[in-house]
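Chain by chain, the residues:
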Amino acid sequence: MTQPLSNQETPARAVVVAIDGPAASGKGTLSQRIADAFGFAHLDTGVLYRAVGVSVLRAGGDPADNAAAARAAYELHPEHPILQEVALRTDEAAQAASKVAAVPEVRAALLDFQRRFATHPPGGAPGAVLDGRDIGTVVCPDAQAKLFITASVEVRAERRLKELQRRGIPAISSDVLEDMKARDARDSQRAVAPLRPAADAFVLDTSALDADQVFSMAVAHIGSKTGLKPKA
């Protein structure tokens, strides 16, 4: 006989970890590491915006053009081949992403994509880690754990310069710094979902910390909020 609904077990709510921060703060590497440690699914939401930006560029458009950016965003879906392209990791893609992210229609189109990932993590994972610019403030304001990863603009520019040099991409330190400042301004001053820490986020400045120190502090915070420990 079927039990009353009140006595039936309900599916456990997926644990959501929201990680925000500016470019080159280290949040992407940290997010993947946290996801692996807890057995959670991981979504780099910046990839979605990069895909939209690159799509606009390939169509001969301007990423700052609202109509062109919105059209590309609505055409994006989880199985779209562009999401797997190496081209999304270029600095050109990053700059385009910052521009399309300022378009309200683009953010609206991608919002449902991100929320579905958070509430229904792929592969039956018990939780999800999402990193981006507005995860804790807009996409998942009810996330159990929120972190805002930052560093000085000079430190972040130096990190980006080294990354470009490792990939064999010519770059000038002063240009990288100016590009970083311009991107910070776009991200923090846009009218819709500006980059800022959620009121209840743990703000972690990584300027003088190494990756292991940042990971340890982040894990400790997540554990304090969820009662979970990393897998052995």
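Residues numbered from 1 in each chain as written. Predicted model: local features only at pLDDT ≥ 70, side-chain atom pairs only at ≥ 80, totals over all residues. Heavy atoms only, no water.

A. Looking closely at the overall build of the protein. When helices and strands are tallied, the protein shows nine helices and five strands. Helices and strands appear in the protein in the N-to-C order β-α-β-α-α-α-α-β-α-β-α-α-β-α. In summary, the protein has a C-alpha radius of gyration of 18 Å against a globular reference of 17 Å for 232 residues, a match within 12%. With the principal axes as the frame, the protein shows a C-alpha extent of 70 × 40 × 30 Å. The buried share of the protein, taken over its 232 residues, is 46%. For the protein, restricting intrachain contacts to residue pairs at least 6 apart in sequence, the fraction spanning at least 24 positions comes to 79%. (Helix = DSSP H or I, 4+ residues; strand = E, 2+ residues; numbered from the N terminus. Rg over C-alpha atoms; globule rule 2.2 N^0.38 Å. Buried < 20%, exposed > 50% of the residue type's maximum accessible area, 1.4 Å probe, protein only. Contact = heavy atoms within 4.5 Å.)

B. Region of interest: the sheet that holds strand S4 (residues 145-150). Overall, parallel pairing links the five strands, which are arranged S2-S3-S1-S4-S5 in an open sheet. The strands lining the two open edges of the sheet, one partner per strand, are strand S2 (41-44) and strand S5 (202-205). Mean inter-strand twist for the sheet, computed between neighbouring axes without regard to direction, equals 20°. Inspection of the sheet shows strand S1 (residues 15-20) paired to S4 by four bridges, in the parallel sense. Following the sheet pairing, Ala-18 is matched in S4 by Lys-146. Lying over the sheet, helix H1 (residues 27-38) contacts S1, S2, strand S3 (127-132) and S4, oriented at roughly 175° with respect to S3. (Pairing = 2+ DSSP bridges. Axes fitted to C-alpha atoms, helices over the stretch in contact; angles between N-to-C directions.)

C. Representation of the UniProt feature "binding site: ATP" (unreviewed entry) in the protein. According to UniProt, the "binding site: ATP" (unreviewed entry) feature falls on Gly-21, Pro-22, Ala-23, Ala-24, Ser-25, Gly-26, Lys-27, Gly-28 and Thr-29. Of the residues named above, Ala-23, Ala-24, Ser-25, Gly-26, Lys-27, Gly-28 and Thr-29 line the largest pocket. As for its position among the elements, Gly-21 is in the loop between S1 and H1. When its relative accessible area of 0% is taken as the criterion, Gly-21 is described as buried. In this structure Gly-21 touches Lys-27, Gly-132, Arg-133, Phe-148, Ile-149 and Leu-195, once residues within four positions along its chain are discounted. By the element assignment, Gly-26 lies in the loop between S1 and H1. (UniProt positions renumbered as here; feature names shortened; annotations may be inferred. 1 Å grid on protein atoms, 1.4 Å probe; cavity = no way out; pocket = protein on both sides within 12 Å on 5 of 7 lines; lining within 4 Å.)

D. Spotlight on the pairing of S1. In terms of burial, S1 is largely enclosed, as six of its six residues are buried. Covered by surrounding structure in S1 are Val-15, Val-17 and Ile-19 together with Val-16, Ala-18 and Asp-20, the residues of both alternating faces. By the bridge criterion, six bridges tie S1 to S3 in an arrangement that is parallel. Among the inter-strand pairings, Ala-18 is bridged to a residue of S3, identified as Leu-130.

E. Here's a closer look at the pairing of S3. Counting buried positions along S3 gives six out of six residues, so the element sits mostly inside the fold. Residues Gly-127, Val-129 and Asp-131 point to one face of S3 and Ala-128, Leu-130 and Gly-132 to the other, with burial holding for every one of them. As paired strands, S2 and S3 are joined by four bridges and run parallel to one another. Paired with Leu-43 across the bridge in S3 is Leu-130.

F. Structural detail: the nonpolar core. Among the nonpolar cores identified, the biggest contains 38 residues, and Val-52, Leu-76, Val-106, Leu-130 and Cys-140 are the most heavily contacted of them. Contacts of Leu-130, omitting those with residues within four sequence positions, involve Val-16, Val-17, Ala-18, Ile-19, Leu-43, Thr-45, Gln-114, Phe-117, Ala-118, Ile-135, Val-139 and Cys-140. Listed in part, the 19 residues of the second largest apolar core include Val-15, Ala-37, Phe-38 and Ala-218. (Core = buried A, V, L, I, M, F, W, Y, C linked by side-chain atoms within 4.5 Å.)

G. Representation of the packing of aromatic side chains. On inspection of all chains with the given rule, the structure shows one aromatic pair. Between the NZ or CZ atom of Arg-33 and the centre of the ring of Phe-215, over which it lies, the distance is 4.1 Å. (Phe/Tyr/Trp six-rings, centres within 6.5 Å; stacked < 30°, edge-to-face > 60°. Lys NZ or Arg CZ within 6 Å of the ring centre and 35° of its normal.)

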